[in-house]
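A look at the structure
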Amino acid sequence: MGSSRSRFSAYSLVRQGVSGRPWPRMWRRHELESSYDAVVVGGGLHGLATAYYLAAEQGWSRIAVLERSYLGGGGSGRNTAIIRSNYLTPDGVRFYDHSLRLYADLSAALNFNVMFSQRGHLTLAHTDASLRTMRWRAEVNKIEGVDSEVIGPDRVKELAPSLDTSDRVRYPILGALYHPPGGIVRHDAAVWGYARAADAHGVHLHQETEVVGIETSGGRVTGVRTNRGLISTPVVANCTAGWATTIADMVDLPMPIQTFPLQAAVTEPVRPFLHTVVVSGSLHVYVSQTDRGELVFGASVDPFASYSTRGSLEFVEGLATHVLELMPSLDRLRLLRQWAGLCDMTPDFAPIIGRTPVEGFFVDVGWGTYGFKAGPAAGQALAECIAGRKVPALIEAFALERFETGKLVGEKGAAAVGH
Amino acid sequence: MLLLECPWCGGRNASEFAYAGEPMPRPDPESAGPAEWRGYLYLRANRCGWTRERWYHRAGCRRFFEIERNTQTHELRPVGGGAGGPDE
């Protein structure tokens, strides 16, 4: 940490409280310089993590993060904050397990409390087919050393007593994939923690700075045009999630991505009663209770491609129907608000991360509905990829070339809900 | 809720339809190479703004049709400004 930043601690909390002075700003404002060694497009979790690891672990300086709006205003502030590593492919399990481990140490590493809560994750099975996929996932997980097992309805009831585990419902609960290391992290805190730590390492964070074009010469990146002027740089990292195609278009790089909104909603706060994350694929819903007591719900992506983040009534209707089938006791609870975020969906539900045919143009996109849990590992691996000559083994399987070679990484079976 | 204008059945709720995505001309199996198949199978324009797309009237006439939609505002208009109807 740079000397200009104050360290957060119990002592600083007391000192600040007694002195009544305002807290120092978490990150500084800078003039846009005319050149940087690396420009990260997108000031969300992935972009900030990439910039942070590039500075902190790879020793790079002169890094800029360009954000069109405000930091963490896209998918990073709109997801449902769930973390887990019970994926279907060995590549996916290894990657997300690493990310989960980084999350576990993140508060200490960034000196910022990200409210990491490893409370367990239940994926409910309502059909024989989903129970079969869960057995498969559990075996892959165990081989990779990830705690994950299939449990019966009685154990489900013990872990989440508010669930209706009777057989008098339309989709009775037949069992669940139980993943104790799963849980939630405060999503905004992860963004702010990375931003503050990146700033302390000298990264320039530029908000309200929109990329309008990317300059190339002889097949390699030479600069970035923004609404605040031209920046010359040999490295551009595209970390723009749902907007990934619009940035890749600037270097004429076609992408196998379609942008779909995913809607979420939150209820008024109630006393803590739900101690695990509960997911139902068949009922297209996932739910967790935040530390403030609100229930956060997410669902599957909207039925058609769109860049709009407006919520819809049919989403709330469907959500309420499904939630009440799972937890009938919630029928008096009121929804506070709903919103949508943009998901960059790929054909195989696995991300696209690493180099591209345009030299100096890196991508960290295609995370679809998995972006939040992947943030720390994706940022670390991309930083390593940018700084080194070799692609880190952790992300080798997720290269853009796989759509040419046909080596797809089918991760749809690990989706929390059917899409 | 989107109100989609099916050329055969008229305006209906989007929930009656299945989104079939960007129209992709199928490559000729006799001559197409791997690169062409890759484009057809995976690569998408994913435009932010006006796009041309296919929908399937699943709970109605069960026919495919094309329509133009703005992916940012959800405005709709017929392809090329004229209605592609049953005569096409």
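Cut-offs and rules
- Per chain, residues are indexed from 1 in the order of the written sequence.
- A letter from A marks each chain and a number from 1 marks each ligand, given out in the order of writing.
- The predicted origin of the model limits local features to residues at a pLDDT of at least 70 and limits the giving and counting of side-chain atom pairs to 80 or more, whereas totals for whole chains, interfaces and linings rest on all residues.
- Computation of side-chain values covers all heavy atoms of the structure but excludes hydrogens and water.
- The secondary structure listing takes helices from DSSP runs of H or I that are at least 4 residues long and strands from runs of E that are at least 2 residues long, numbered from the N terminus.
- In this scheme, a residue with accessible area under 20% of its type's maximum is buried, one over 50% is exposed, and one in between is partly exposed, where area comes from a 1.4 Å probe on protein chains only.
- Should any heavy atoms of two residues lie within 4.5 Å, those residues are counted as being in contact.
- For salt bridges, the criterion is a side-chain nitrogen of Lys or Arg within 4 Å of an Asp or Glu carboxyl oxygen.
- Domain segmentation is taken from an automatic or database assignment of domains.
- Here the term cavity refers to a set of points on a 1 Å grid, laid over the protein atoms alone, in which a 1.4 Å probe fits but cannot get out; the term pocket refers to an open set having protein on both sides within 12 Å along at least five of seven lines, with lining residues being those that place an atom within 4 Å of a point.
- Grid points are joined across faces, edges and corners, and a volume is the space filled by probe spheres set on the points.
- All amino acids are sorted into three groups, where Ala, Val, Leu, Ile, Met, Phe, Trp, Tyr, Cys and Pro are nonpolar, Asp, Glu, Lys and Arg are charged, and the leftover types, Gly among them, are polar.
- A pair of strands is labelled paired if DSSP reports no fewer than 2 bridges between them.
- Summary of the metric used: pLDDT quantifies the predictor's per-residue confidence within the range 0 to 100.
- Among buried residues, the Ala, Val, Leu, Ile, Met, Phe, Trp, Tyr and Cys ones that are joined through side-chain atoms within 4.5 Å form a nonpolar core.
- Put simply, two rings from Phe, Tyr or Trp (the six-membered ring, in Trp's case) pair if the centres are within 6.5 Å, and we call them stacked under 30 degrees between planes, edge-to-face over 60, tilted for the rest.
- Definition used: whenever NZ (Lys) or CZ (Arg) falls within 6 Å of the ring centre and also within 35 degrees of the ring normal, the charge is taken to sit over that ring.

1. Quick word on the overall build of chain B
Helix and strand counts for chain B stand at one helix and six strands. Reading chain B from its N terminus to its C terminus gives the helix and strand order β-β-β-α-β-β-β. Seen through its principal axes, chain B has C-alpha atoms that stretch 40 × 30 × 25 Å. Within chain B, the fraction of its 88 residues that count as buried is 35%. For chain B, restricting intrachain contacts to residue pairs at least 6 apart in sequence, the fraction spanning at least 24 positions comes to 45%.

2. A closer look at the pattern of salt bridges
All names here are of chain A. Per the counting criterion, the structure on display carries 20 salt bridges over all chains. For Lys-142, the salt bridge goes to Glu-139, with nearest N and O atoms at 3.5 Å. Highlighted residues: Lys-142 and Glu-139, both in helix H5 (residues 128-143), separated by three residues, approximately one helical turn. Residue Lys-142 is classed as partly exposed on the basis of its relative accessible area, which comes to 44%. Judged by its relative accessible area of 44%, Glu-139 falls in the partly exposed class.

3. Some details on the domain arrangement of chain A
Residue and element names in this part refer to chain A. The domain boundaries assigned to chain A delineate domain 1 (34-85 + 88-111 + 187-256 + 348-415) and domain 2 (121-181 + 259-345). For domain 1 versus domain 2, the separation of C-alpha centres amounts to 28 Å. Taken together, the 27 residues of domain 1 in the interface contact 28 residues of domain 2. Along the contact surface separating domain 1 from domain 2 lie one salt bridge. For Glu-144, the salt bridge is made with Arg-94, and the minimal N-O distance between the two is 3.1 Å. Contributions of two or more residues to the side of domain 1 that touches domain 2 are made by helix H3 (90-104) and helix H8 (244-248). Of all the elements, H3 adds the most residues to the side of domain 1 that touches domain 2, at five residues.

4. A look at empty space enclosed by the protein
Enumeration according to the criterion identifies two cavities of 30 Å³ or more in this entry. Its boundaries defined by the atoms lining it, the largest cavity holds a volume of some 70 Å³. Together, Gln-258, Thr-259, Ala-305, Ser-306 and Tyr-307 of chain A together with Tyr-19, Glu-22, Asn-46, Arg-47, Thr-51, Glu-53 and Thr-71 of chain B line the largest cavity. Elements with a contribution of two residues or more to the lining of the largest cavity: strand E13 (258-267) of chain A together with strand E4 (50-56) of chain B. Along the lines of polarity and charge, the residues of the lining of the largest cavity split into three nonpolar, six polar and three charged. Considered as a void within the structure, the second largest cavity measures approximately 40 Å³ in volume. Within the lining of the second largest cavity, the residues separate by chemical class into five nonpolar, four polar and no charged.

5. Describing the pairing of strand E9 (residues 211-217) of chain A
Residues and elements named next belong to chain A. Direction of pairing for E9 relative to strand E10 (residues 220-226): antiparallel, over a ladder of six bridges. Paired with Val-211 across the bridge in E10 is Thr-226. Where E9 folds back on E10, the antiparallel hairpin that results is connected by two residues, among which Gly-218 adopts a positive phi of roughly 60°.

6. Focus: the confidence of the model for chain B
Residues and elements named next belong to chain B. Of all residues in chain B, 91% have pLDDT values of 70 or greater, and the mean over the chain is 89. Within the model, pLDDT remains below 50 along residues 82-88, and this stretch shows seven contacts once partners closer than five positions in the same chain are excluded. Taken together, the chains of this predicted complex give a pTM of 0.94 and an interface ipTM of 0.90.

7. A closer look at the nonpolar core
Within the largest apolar cluster, 84 residues are counted, with the highest numbers of intra-cluster contacts made by Phe-95 and Tyr-194 of chain A together with Trp-55 of chain B. Ranked by residue count, the leading element in this core is helix H10 (residues 371-387) of chain A, at nine residues. Two domains each put at least three residues into this core: domain 1 (34-85 + 88-111 + 187-256 + 348-415) and domain 2 (121-181 + 259-345) of chain A. Each residue touching Tyr-194 of chain A, except ones within four places of it in the same chain, is listed here: Leu-45, Leu-48, Ala-49, Tyr-52, Tyr-53, Leu-106, Leu-110 and Pro-376 of chain A. Of all hydrophobic cores here, the second largest spans 27 residues; its members include Leu-32, Leu-66 and Val-363 of chain A together with Tyr-42 of chain B.

8. Description of the packing of aromatic side chains
Residues and elements named next belong to chain A. Going through the model one piece at a time under the given rule, you end up with 22 aromatic pairs over all chains. Both rings, one in Tyr-52 and one in Tyr-53, keep their centres 4.9 Å apart while their planes meet at 70°; by these two values the pair is edge-to-face. Like Tyr-52, the residue Tyr-53 is buried in the burial classification. Positioned above the aromatic ring of Trp-243, the side-chain terminus of Arg-68 is 4.3 Å from the ring centre. Its guanidinium or amino end placed over the ring of Tyr-87, Arg-84 lies 4.7 Å from that ring's centre, counting from NZ or CZ.

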